[in-house]
Amino acid sequence: MKRIELKITALSPLAISRQKPGGSVSEVETYIPGSVIRGAIAGQMLEQYGQKNANLAAHGNHFQSLFLSENSAIFQNAYPAIAKIYKDKKNEDEEDEFELVTDEVRVLPATAVSSKADSGFKPKSNGVFDTLIDRFCAEAYNYPFDPSDPKSLEDKTDARVEPYGGFYSKTDDSTVKYKYRSHSVSTRFLTRVGINRRRATSEDDILYSIEVLNELFEKNPKSKLLKIWDNFVYRSLILVENEEIAKLLQRFIDNNSDRFRLGGSASRGLGKVKIEAKDGKIPESIESRINRFNARLKNRWQLWSVFGEPRENLLEGRTYFTLDLQSDAILTEKWRRTTVISPDMLCQLAGLEEEFSNLDSEEKDNFLKLHVAYSSYDYRSGWNSAWELMKDMELITNKGSVYLFSTSKPDIWFDKLGQLEEKGAGDRTCEGFGQVQVCNQFHLVFREEAV
């Protein structure tokens, strides 16, 4: 599929809200959902070409191919590209800064943990590490696994750890000592006065507040001298199957880069952005990621052998891989919502359900087995601008969820997992739901190598 990378620069506050079921308070999102980007681009197309009342479902037109066909374009979520650059903790003259980075922004897996007392990446905090492989080995060797923070043990402080989530990136610059950076956004409340619709003047005793994403960030927040401000930037991807249509879409975005509005309250001056499009990078091959994951898993398995013999040699003749949700997912199995990707569901997503269903239980375990799942759920709704209606309330599996699988036939799965990573898992993947990454590299960050 053709990959189009989007750079979204905020020029005014963004009111991208979500409302929890049964609540009356709207909270702002910490990223730009793919559905918002998709709706903004589609709306701009319809407005420019005056086709709001036309039959857009007719086959053959580009709009139908991009937004209404079975293989419509996939608009992934846009995550903040502003990273906190950590300076050396020992040098008090060096100050942390916030900078725009070009590295890929990812979601930390649910198995990542950090110190309960001083959580976060080094050097300002105690560091973050992953527990997936160690916990898997500990259970196989029938040994209790209770991770602790090594830095806190050295300092003789509270060594307990807790899950640590959020967005992060890793730089490939060899000159940089601390390669992992955290990404986040800042928000504020805008207070407005209600308007009397009959008199078109302000209404007495009516005030309301809108929580928005800030359009600017302070590059040197701790500086006592000149403060430097810059616009907030988000990065996203659009995946288009037809290369010719992808080029036309990219040209349309470039020609209208400053005409898009994202989120609500656009009539009040919010949501103004500049969107720039360019060709996206080709990701690392699935096979190399899986091979690297299994090599580290085998090394770790050997280290755990000091505790005796495992109940069963789980690595013999099997290849392991993980599925890491990089966005919220709407998962359905047998017409019911679920938060776990089962072997049956994964085979269905990969187009191998017929082959899997013809196997007996033992053969199914050899073909594909789910060993462990770390997931949580939430509820999500939204507003459909085209229909001017609320979207259905959906049960979602939270981003960062992790599923560990193994197979005795890895050659079958390399291409299938690559397709799954492109198309996503579950429902409404064209709106950014169900983004999947195979073998997130953060699973290879162990306790003694906390970053």
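Residues numbered from 1 in each chain as written. Predicted model: local features only at pLDDT ≥ 70, side-chain atom pairs only at ≥ 80, totals over all residues. Heavy atoms only, no water.

1. Quick word on a nonpolar patch on the surface
Here comes step 1: On the surface, a cluster of nonpolar side chains totalling about 310 Å² of accessible area is made up of Tyr 143, Val 306 and Phe 307.
Here comes step 2: Within the secondary structure, Phe 307 is located in the loop between helix H6 (286-303) and strand S20 (319-325).
Here comes step 3: Assessed through its relative accessible area of 41%, Phe 307 is described here as partly exposed. (Patch = residues over 30% accessible without salt bridge, like charges linked within 9 Å, V, L, I, M, F, W, Y side chains within 5 Å. Areas by Shrake-Rupley, 256 points an atom, 1.4 Å probe, with all protein chains shown as cover. Salt bridge = Lys/Arg side-chain N within 4 Å of Asp/Glu carboxyl O. Helix = DSSP H or I, 4+ residues; strand = E, 2+ residues; numbered from the N terminus. Buried < 20%, exposed > 50% of the residue type's maximum accessible area, 1.4 Å probe, protein only.)

2. As for the packing of aromatic side chains
Here comes step 1: Tallying each qualifying case throughout the model produces 25 aromatic pairs.
Here comes step 2: Centroid distance Phe 217 to Phe 232: 5.6 Å. Interplanar angle 75°. Geometry classified as edge-to-face. One end of the pair, Phe 217, is in strand S16 (residues 216-218); the other, Phe 232, is in the loop between strand S17 (229-231) and strand S18 (233-240), and 15 residues separate them in sequence.
Here comes step 3: You can call Phe 217 buried: its relative accessible area is 6%.
Here comes step 4: Taking the relative accessible area as the measure of exposure, Phe 232 reaches 3% and is therefore buried.
Here comes step 5: Cluster of aromatic residues (ring-pair linked, three or more members): Phe 121, Tyr 164, Tyr 168, Tyr 180 and Phe 442. (Phe/Tyr/Trp six-rings, centres within 6.5 Å; stacked < 30°, edge-to-face > 60°.)

3. Here's the deal with the sheet that holds strand S9 (residues 112-115)
Here comes step 1: Taking strand neighbours across the sheet as the criterion, the three strands line up as S10-S9-S11 in an open arrangement whose pairing is antiparallel. Among the strands making up the open sheet, the edge pair consists of strand S10 (128-130) and strand S11 (161-163). For this sheet, the mean angle separating the axes of adjacent strands, direction not counted, is 40°.
Here comes step 2: Of the strand pairs in this sheet, S9 and S11 are connected by three bridges, and their pairing is antiparallel. Bridge assignment links Ser 115 to a residue of S11, and that residue is Val 161. (Pairing = 2+ DSSP bridges. Axes fitted to C-alpha atoms, helices over the stretch in contact; angles between N-to-C directions.)

4. Remarks on the confidence of the model for the chain
Here comes step 1: For the chain, per-residue confidence averages 89 on the pLDDT scale, and 93% of positions sit at 70 or higher.
Here comes step 2: Ranking the elements of the chain by mean pLDDT puts strand S25 (residues 383-384) last with 72 and S20 first with 97. (pLDDT = per-residue confidence, 0-100.)

5. Points about the pattern of salt bridges
Between side chains of opposite charge, a pair can form as their charged atoms come close.
Here comes step 1: Taken as a whole, this structure holds 20 salt bridges when the rule is applied.
Here comes step 2: Between Glu 421 and Arg 289 there is a salt bridge, with the nearest N and O atoms lying 2.7 Å from each other. Of this pair, Glu 421 sits in helix H10 (residues 410-423) while Arg 289 sits in helix H6, placing them 132 residues apart in sequence.
Here comes step 3: With a relative accessible area of 15%, Glu 421 lands in the buried category.
Here comes step 4: By relative accessible area, which is 7% here, Arg 289 ends up buried.
Here comes step 5: Of the charged contacts in the structure, one is a salt bridge between Glu 394 and Arg 428, with a shortest N-O distance of 3.6 Å.

6. Comments concerning the packing of helix H7 (residues 343-350) against H10
Here comes step 1: Between H7 and H10, the shortest axis-to-axis distance is 9 Å and the interhelical angle comes to 80°. Between H7 and H10, the crossing angle belongs to the class labelled roughly perpendicular. On H10, the residues that touch Leu 346, Cys 347, Leu 349 and Ala 350 of H7 are Trp 413, Lys 416 and Leu 420.
Here comes step 2: Residue composition of the contact of H7 with H10, grouped by class: six nonpolar, no polar and one charged. (Parallel < 35°, antiparallel > 145°, perpendicular 65-115°, else oblique. Contact = heavy atoms within 4.5 Å. Nonpolar A, V, L, I, M, F, W, Y, C, P; charged D, E, K, R; others polar.)

7. Let's talk about the side chain of Glu 5
Here comes step 1: Locating Glu 5 in the fold gives a position in strand S1 (residues 2-10).
Here comes step 2: Overall, Glu 5 belongs to the buried group, its relative accessible area being 13%.
Here comes step 3: Not counting residues up to four positions away in its chain, the partners in contact with Glu 5 are Arg 235, Ser 236, Leu 237, Glu 276, Ala 277, Lys 278, Asp 279 and Gly 280.

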